[in-house]
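Geometric and topological summary
If you want the building blocks of each chain, they are given just below.
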Amino acid sequence: MTKRVLLCGEGPTDYGSRRYASDEWDEGPVQPIIRKSINVEIVFDYATRDDIKKKRIQRTGGKGLKGHGYKAYALCLIARSMNIDHIICYVDADRSTSSSNTAVNARKRFREVYAEISHGFELFNAERSESSIPMIPLKMIESWLLADETAFATCFGHTPTNPALPPKPELIWGDENDPASKHPKKYMKRVLDQYPDTLANRETFKDIAENMDIDALRAKCPLSFERFYQDVQVIG
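This is a predicted model, so every value here is computed, not measured. (Residues numbered from 1 in each chain as written. Predicted model: local features only at pLDDT ≥ 70, side-chain atom pairs only at ≥ 80, totals over all residues. Heavy atoms only, no water.)

Regarding unusual backbone geometry
As a reminder of what qualifies: Put simply, DSSP marks the helices as runs of H or I at least four residues long and the strands as runs of E at least two long, and each gets a number from the N terminus on.
Each neighbour pair has its own omega, and for N162 with P163 the value is 5 degrees, a cis peptide bond. Take P163: it is sitting in the loop between α9 (149-156) and α10 (184-192). With phi around 60 degrees, N83 is a residue other than glycine that occupies positive phi space. Of note, N83 is situated in the loop between α4 (69-82) and β5 (86-90).

Put into structure tokens, the structure is as follows:
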């Protein structure tokens, strides 16, 4: 049975983008990761930042919301207008060094973002919240994409060695302005630099995701991806 899912994300390198002057959508890595996580055919509909901004939330309806909770509540309004049962809200847990510079802080921030989104769903409708799922890497999408070396071998011909993939990719962090740091974006760039003419863009990230072993992702990112994996089974 085919399931319709309303999906929102941060930008082109995670959930893709709408083609210019078209209703067609160029997918990112998020969609293949979702498909690999559940044994059901999915048709995606998309909510952009502009779509979310257009949904005005009445003060009485949005009472108690904060942070990403407003986005989650607005997604419920959009899903209701489109008669869609399921929502997946993709959000990076954090891009701020101050709240991600230790594993403890990263886990704390992850729980905060997860709670904000869940509260937005629940405040709209308790029944709706049962079929609406936060999708949150502990840091950002690169954190998940660095989990499976076999995906890189399949995509580019050999596994990365200098650097090799980190053993705990969801926990790496560093200065985004330092090319040699363990910031996920900088780490990913150094990994991809081992493959000529390969850029850190939507197409590359999607290729990696399409070739990932979902069990490897679960094992390497047990804090954030495993939570999503367990949650999203409700759709299947």
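Remarks on the environment of E116
The condition that has to hold: Contact definition: two residues touch when any of their heavy atoms are within 4.5 Å.
Topologically, E116 is positioned in helix α6 (residues 103-124). Once the C-alpha coordinates of E116 and K71 are considered, the two residues, 45 residues apart in sequence, prove to be 9.3 Å apart. Leave out the neighbours within four places in its chain, and E116 touches K66, G67, H68, G69 and R109.

Topic: the pairing of strand β6 (residues 132-135)
The test is simple: Burial here depends on accessible area, computed with a 1.4 Å probe over protein chains only, as a share of the maximum for the residue type. Under 20% is buried, over 50% is exposed, and the range in between is partly exposed. Here, any two strands with at least 2 DSSP bridges between them count as paired.
The alternating pattern of β6 places S132 and P134 on one face and I133 and M135 on the opposite face, and all of these are buried. Two strands pair when backbone bridges link them, and β5 and β6 are joined in this way by four bridges, in the parallel orientation. Considered in β6, the bridge of I88 is made with I133.

Describing α6
Short version of the rule: The span you would expect from a helix comes to 1.5 Å times its residue count less one.
With 22 residues, α6 extends 32 Å from end C-alpha to end C-alpha; this agrees with the ideal 32 Å at 1.5 Å per step. Looking only at α6, the buried set comprises A106, F110, V113, Y114, E116, I117, S118, G120, F121 and F124.

Brief notes about helix α11 (residues 202-210)
Selection criterion: Relevant arc is that of directions from the helix axis to the C-beta atoms, nothing else.
For α11, the full list of buried residues reads R202, T204, F205, I208 and A209. Seen along its axis, α11 keeps its buried residues to an arc of 165 degrees; they face one direction. Where α11 is buried, its residues meet α1 (12-15), β3 (25-26), α2 (30-37), α8 (141-145), α9 and α10.

What to know about the side chain of E142
Its place among the elements puts E142 in helix α8. Taking relative accessible area as the criterion, E142 reaches 4% and is therefore assigned buried. Beyond its immediate sequence surroundings of up to four residues, E142 is in contact with P184, K185, M188 and F205.

Description of the sheet that holds β5
What counts is decided by this rule: Simply put, an axis is a line fit to the C-alpha atoms, just over the touching stretch for a helix, and the angle between two N-to-C directions goes from 0 to 180 degrees.
Strand order across the open sheet formed by four strands is β4-β1-β5-β6, with parallel pairing between neighbours. This sheet does not close on itself; its edge strands, each paired only once, are β4 (42-46) and β6. Strand-to-strand, the axes of this sheet are offset by a mean angle of 25 degrees, without reference to chain direction. Direction of pairing for strand β1 (residues 3-8) relative to β5: parallel, over a ladder of four bridges. The residue bridging C8 from the neighbouring strand is C89, located in β5. Packed on one face of the sheet, α2 meets β1, β4, β5 and β6 and runs near 145 degrees to β4. The sheet contacts of α6 involve β5 and β6, and relative to β6 the element is tilted by about 165 degrees.

Some remarks on the side chain of D26
Put simply, the rule is: Counting of polar contacts relies on pairs of N or O atoms within 3.5 Å, with two restrictions inside protein: one atom must be capable of donating a hydrogen and the other of accepting it, and residues adjacent in sequence are counted only when both atoms are side-chain atoms.
As for its position among the elements, D26 is in strand β3. Within the structure, the side chain of D26 is placed 2.7 Å from the side chain of R19, a separation counted as a polar contact. Leaving out residues up to four positions away in the same chain, D26 has contacts with Y15, G16, S17, R19 and R202.

Things to note about the nonpolar core
Under the convention used in this document: Residues grouped as a nonpolar core are buried Ala, Val, Leu, Ile, Met, Phe, Trp, Tyr and Cys residues, joined through side-chain atoms within 4.5 Å.
Residues I33 and I88 are the most contacted members of the largest nonpolar core, which totals 42 residues. Other than its neighbours up to four places away in sequence, I88 contacts V5, L6, L7, C8, I34, I133, M135, F228, V232 and I235. C8, I87, F110 and L138 belong to the second-largest nonpolar core, a separate cluster that totals 27 residues.

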